[in-house]
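The chain contents come next:
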Amino acid sequence: MTDFADCIKADTGQPAHPIHLVDAKALDAWLATRPEQSRALLAAQKFRAKPQEMAILPGERDGDWMVVAGVADKAALGPWCLARLAETLPEGRYRLAEGSPGAAMLGWMLGQHRFDRYRREDVPVGPRQLLTSDVARIVPAVDLARAVALVRDMVNTPAADMGPAELEAATEAVAKPFGATVVVTRGDALAHGYPMIHAVGRAADRHFAPRLIELNWGDPAAPRIAIVGKGISFDSGGLDIKPSSGMRLMKKDMGGAAHALALAQLIMAARLPVRLHLLIPAAENAISGNAFRPGDILRSRKGLTVEIGNTDAEGRLVLGDALARAAEEKPELIVDFATLTGAARIAVGPDLPALFANDDRLAADMAQAGSDVDDPTWRLPLWEGYADMLKSDIADINNAGEGGFAGAITAALFLQRFVPEETPWLHLDTFAWRPSTKPGRPKGGEALGLRAAFKLLQQRYQPAK
């Protein structure tokens with residue numbers, strides 16, 4: 001388990017290997033300042049100052065050495081500029097020869113994080129410490145790295161070890177250091193108060209019994225915000241069973257809950273002046289004799305009746321009850337995260353969460369926040385013209401759109417029925433998974449949209465300094 005606080009330290013003049021950052025446009029000028037031996041060594045290592053490139057040169061004293069690293073733009077370091085260095089350099093202490101790492105602290109820390117719950121490294125490697133004089137950024141950067149790692153580790157954990165009970169335990173663990181309260185609804189109380197959450201999860205083994213997990217924190221007089229995360233710990237598809245290829249990654253179907261919990265952790269660590277209400281509807285969509293069926297009609301917490309067109313469209317059902325509960329407290333903002341539709345991945349691919357909003361200013365602010373922190377989202381429309389696809393002949397609404405068109409949009413339109421029109425609302429249909437490795441971002445569980453959402457909340461609620 002990586003202790004990110006060991007990866008970034010205040011620079012008090014400790015001995016450290018210098019890191020010279022060079023971008024391609026300044027390479028020739030920089031080389032001109034170096035000794036002939038250094039130029040020859042860089043040429044031998046074929047160093048061209050491309051992003052993520054690295055070379056080692058002798059230091060100024062015998063036995064010492066320095067690092068030369070390529071970046072896209074030395075004047076504007078992004079979160080992942082130093083990630084490859086953190087992955088490959090030996091343990092020890094380092095500092096930038098010029099400037100501050102800034103946003104690149106995140107990649108430096110996450111480049112050293114490994115999901116190692118189920119295996120042991122043959123040769124454990126100690127921390128690569130980066131020194132910085134910008135000490136005010138250290139704690140916020142460590143908090144951000146911890147939140148991203150929380151999402152990755154939760155999503156990477158197999159469903160057998162990350163069921164509804166474990167989601168509850170994870171919420172308790174996040175709540176405890178901040179004095180937050182956690183309330184869990186299960187059993188008969190869940191069946192009566194949150195019938196759609198209960199219906200989705202009732203077929204699972206009792207160890208994986210469904211529940212609604214709620215966390216409350218902050219001054220009751222502060223602006224109330226609700227963060228909701230889909231917590232389907234495993235999705236078989238129910239009686240509309242998925243093929244085996246579709247089930248392979250369904251341990252990640254609680255990725256929305258992981259994002260919501262990590263965002264709650266960031267809010268509390270930053271002590272944002274809000275009244276936080278976190279809601280995680282947790283269930284396993286399993287198959288047994290009492291599984292809910294295609295054609296069943298469920299009554300939701302809001303009172304709307306829902307015809308089940310497809311049991312594999314279960315995430316919107318549990319979110320519907322949770323959103324209705326969130327709305328009862330009259331928050332001034334609702335944000336939900338969900339690994340909701342394959343249609344969103346077809347539309348925008350794995351890297352971009354599909355963003356839906358019922359408020360244009362809110363959507364624009366979210367887009368700008370994502371751009372600011374290199375955590376982009378892409379807005380799709382809540383196109384009312386597609387609402388007819390969710391019509392039912394015998395209930396208020398059907399949970400699955402007809403014809404297979406606009407799947408991400410119809411899912412968002414379904415959720416919108418459970419959000420008051422006057423309440424600003426953001427819905428992120430995120431993948432929570434990285435299909436291929438990049439520096440600081442290994443293949444596996446990933447936080448996508450988390451940092452953007454936190455930046456948005458900071459801009460809205462962080463008191464001016």
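Throughout what follows, the structure given in this document is the object of discussion. Positions within a chain are numbered from 1, following the residues in the order the chain's sequence is written. In keeping with the predicted nature of the model, local features appear solely for residues at pLDDT of at least 70, side-chain atom pairs appear and are counted solely at 80 or more, and the whole-chain, interface and lining totals rest on all residues. Heavy atoms throughout the structure, all of them, feed into the side-chain values; hydrogens and water do not.

Details of a nonpolar patch on the surface
Thought 1: A cluster of nonpolar side chains, contributed by Leu239, Ile241 and Ile287, occupies part of the molecular surface with about 260 Å² of accessible area.
Thought 2: The helix count covers DSSP runs of H or I at least four residues long, the strand count covers runs of E at least two residues long, and both are numbered beginning at the N terminus. Here isoleucine 287 lies in the loop between strand S11 (275-285) and strand S12 (297-299).
Thought 3: Summary of the burial criterion: residues with accessible area below 20% of their type's maximum are buried, those above 50% are exposed, and those between are partly exposed, where the area comes from a 1.4 Å probe applied to protein chains only. For isoleucine 287, a relative accessible area of 39% corresponds to the partly exposed category. Two joining distances apply to patches: 9 Å for like charges and 5 Å for nonpolar side chains (Val, Leu, Ile, Met, Phe, Trp, Tyr), and every residue must have over 30% relative accessible area and no salt bridge. Surface accessibility in these figures is a Shrake-Rupley result with a 1.4 Å probe; residues are shielded only by whichever protein chains are displayed. By definition, a salt bridge exists where a carboxyl oxygen of Asp or Glu is found within 4 Å of a side-chain nitrogen of Lys or Arg.

Notes on the sheet that holds S12
Thought 1: Pairing in this open sheet of three strands is mixed, and the strands run S12-S13-S17 from one edge to the other. Each end of this open sheet is capped by a strand with a single partner; those strands are S12 and strand S17 (397-398).
Thought 2: In the sheet, S12 pairs with strand S13 (residues 305-307) via three bridges, with the strands oriented antiparallel. Paired with leucine 298 across the two strands is valine 306, which belongs to S13. When DSSP finds two or more bridges between a pair of strands, those strands are recorded as paired.

Topic: the sheet that holds strand S2 (residues 17-22)
Thought 1: Strand order in the open sheet formed by six strands is S1-S6-S5-S2-S4-S3, with mixed pairing between adjacent strands. Edge strands, defined here as strands with exactly one partner in the open sheet, are strand S1 (8-10) and strand S3 (54-58). When the angles between neighbouring strand axes are averaged without regard to direction, this sheet yields 35°.
Thought 2: Bridge count between S2 and strand S4 (residues 65-70): four bridges; the pairing is parallel. Counterpart to leucine 21 in the pairing with S4 is alanine 69.
Thought 3: Residue contacts follow a heavy-atom distance rule, with two residues in contact if any of their heavy atoms lie within 4.5 Å. An axis is simply a line fitted to the C-alpha atoms; with a helix, the fit covers only the stretch in contact. Between two such axes, the angle follows the N-to-C directions and lies from 0 to 180 degrees. Sheet strands touched by helix H2 (residues 36-44): S3 and S4. Its angle to S3, the strand with the most contacts, is close to 150°.

Considerations on the pairing of strand S6 (residues 128-132)
Thought 1: Here S6 lies mainly inside the structure; five of its five residues are buried.
Thought 2: Of the two faces of S6, both are covered, the one formed by Arg128, Leu130 and Thr132 as well as the one formed by Gln129 and Leu131.
Thought 3: When S1 meets S6, the two strands line up parallel, connected through three bridges. When the bridges of S6 are listed, lysine 9 appears paired with leucine 131.
Thought 4: Across four bridges, strand S5 (residues 92-96) lies against S6 in parallel orientation. Note on S6: the bridge partner recorded for tyrosine 94 is leucine 130.
Thought 5: Look down the strands so they point away from you; if going from the first strand over the helix to the second traces a clockwise path, that crossover is right-handed. Read as a crossover between parallel neighbours, the route from S5 over helix H4 (residues 105-110) to S6 is right-handed.

Looking at the pairing of S11
Thought 1: With eleven of eleven residues buried, S11 is to be regarded as a mostly interior element.
Thought 2: Neither face of S11 is left uncovered, since the one carrying Arg275, His277, Leu279, Pro281, Ala283 and Asn285 and the one carrying Leu276, Leu278, Ile280, Ala282 and Glu284 both have all their residues buried.
Thought 3: Sheet topology note: the strand S8 (residues 211-217)/S11 ladder contains seven bridges and is antiparallel. Looking across to S11, one finds that arginine 211 is bridged to alanine 282.
Thought 4: Across four bridges, the pairing between strand S10 (residues 231-235) and S11 is parallel. For isoleucine 232, the partnering residue across the bridge sits in S11 and is alanine 283.

Topic: the layout of surface pockets
One water molecule sets the probe size; rolling that probe over the atoms shows where empty space is left.
Thought 1: Using a grid of 1 Å spacing that covers the protein atoms alone, one calls a set of points a cavity when a 1.4 Å probe fits there but cannot get out, and a pocket when the set is open and has protein on both sides within 12 Å along at least five of seven lines; lining residues are those with an atom within 4 Å of a point. Grid points are joined across faces, edges and corners, and a volume is the space filled by probe spheres set on the points. Looking at the largest pocket, its volume works out to about 790 Å³.
Thought 2: Along its surface, the largest pocket is lined by 24 residues, and Arg137, Pro140, Ala141, Leu144 and Gln458 are the ones closest to its centre.
Thought 3: Of all the secondary structure elements, the ones that give two or more residues to the lining of the largest pocket are H4, helix H5 (138-156), helix H10 (255-269) and helix H15 (450-461).
Thought 4: For the lining of the largest pocket, the element with the highest residue contribution is H15, accounting for five residues.
Thought 5: Taken as a whole, the second largest pocket holds about 620 Å³ of empty space.
Thought 6: The wall of the second largest pocket is formed by 31 residues, among which Asp312, Leu340, Thr341, Gly342 and Ala343 lie closest to the centre.
Thought 7: Counting only elements with at least two residues in the lining of the second largest pocket, the list comes to helix H9 (244-247), helix H11 (315-328), helix H12 (342-348) and helix H14 (407-416).
Thought 8: With three residues, the single largest contributor to the lining of the second largest pocket is H12.

Thoughts on the packing of H10 against H15
Thought 1: Across the interface, H10 lies against H15 with an axial gap of 10 Å and an inter-helix angle of 35°. Helix-helix and strand crossings are classified by hand; for H10 and H15 the assignment is right-handed. Seen from H10, the contacting residues are His259, Ala262, Leu263, Leu266 and Ile267; seen from H15, they are Leu450, Ala453, Phe454 and Leu457.
Thought 2: Residue polarity follows a fixed list, in which Ala, Val, Leu, Ile, Met, Phe, Trp, Tyr, Cys and Pro are nonpolar, Asp, Glu, Lys and Arg are charged, and the others, Gly among them, are polar. Its residues placed into classes, the contact of H10 with H15 shows eight nonpolar, one polar and no charged. Handedness of a helix crossing follows the sense of rotation of the near helix relative to the far helix, less than a right angle counterclockwise being left-handed and clockwise being right-handed.

Some points on the nonpolar core
Thought 1: Core analysis: the largest hydrophobic core is formed by 89 residues, its most contacted members being Ile19, Trp108, Ile227 and Ile267.
Thought 2: The greatest single-element share of this core, amounting to twelve residues, is contributed by H5.
Thought 3: Those residues in contact with tryptophan 108 that sit more than four places away from it in its chain are Cys7, Ile8, Ile19, Leu82, Ala83, Leu85, Ala86, Leu89, Tyr94, Arg128, Gln129 and Leu130.
Thought 4: Put simply, buried Ala, Val, Leu, Ile, Met, Phe, Trp, Tyr and Cys residues joined by side-chain atoms within 4.5 Å make one nonpolar core. The next biggest cluster of nonpolar side chains, apart from the first, holds 44 residues, and it includes Ala199, Val318, Leu323 and Leu340.

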